[in-house]
Amino acid sequence: MEIFAFSFKTTQGEKVFCCEGCKAIYKLLNEDKLLPDSDVSLSDED
Ligand SMILES: [Zn+2]
């Protein structure tokens, strides 16, 4: 069971969020902290 479903690694470590919305907001506000290979939302096609 994956508990931290909404998480990704940044330059400051792994960030965990309660939902996809919070993760998206963080990414918008912290684009400079995101790792190039940490974006897994590209394959989010349900
Ligand atoms: Zn949330």
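Look up a bit, the structure's there.
Residues numbered from 1 in each chain as written. Predicted model: local features only at pLDDT ≥ 70, side-chain atom pairs only at ≥ 80, totals over all residues.

**Student:** Summarise the overall build of the chain; cite the residues concerned and give the values.
**Tutor:** A tally of helices and strands in the chain yields one helix and two strands. Listing the helices and strands of the chain from first to last along the sequence gives β-β-α. Sorting the 46 residues of the chain into buried and exposed places 0% on the buried side. (Helix = DSSP H or I, 4+ residues; strand = E, 2+ residues; numbered from the N terminus. Buried ≥ 20, exposed ≤ 12 C-beta atoms within 10 Å, placed from the backbone.)

**Student:** Before we move on, can you summarise the environment of Leu34 with the specific residues and values?
**Tutor:** Looking at the element boundaries, Leu34 is found in the segment after α1 (20–29). Taking C-alpha positions, Leu34 is 6.2 Å from Thr11, a pair spaced 23 residues apart along the chain.

**Student:** Any details on the pairing of strand β2 (residues 13–17)? Residues and values, ideally.
**Tutor:** Looking along a regular strand, one sees side chains alternate from face to face of the sheet. Across five bridges, strand β1 (residues 6–10) lies against β2 in antiparallel orientation. Of the residues in β2, the one forming a bridge with Ser7 is Val16. Connecting β1 to the antiparallel partner β2 that follows it, the hairpin turn spans two residues. (Pairing = 2+ DSSP bridges.)

**Student:** Help me get a handle on the environment of Cys18, residues and values and all.
**Tutor:** Positionally, Cys18 belongs in the loop between β2 and α1. Sequence separation between Cys18 and Ala5 is 13 residues; the distance between their C-alpha atoms is 8.3 Å.

**Student:** Residue-level account of the environment of Glu20, with values.
**Tutor:** When you line up the elements, Glu20 lands in helix α1. On the basis of neighbour count, Glu20 is assigned to the exposed category, with 12 C-beta atoms found within 10 Å. Considered as a pair, Glu20 and Phe6 are 14 residues apart in the sequence and their alpha carbons are 6.0 Å apart.

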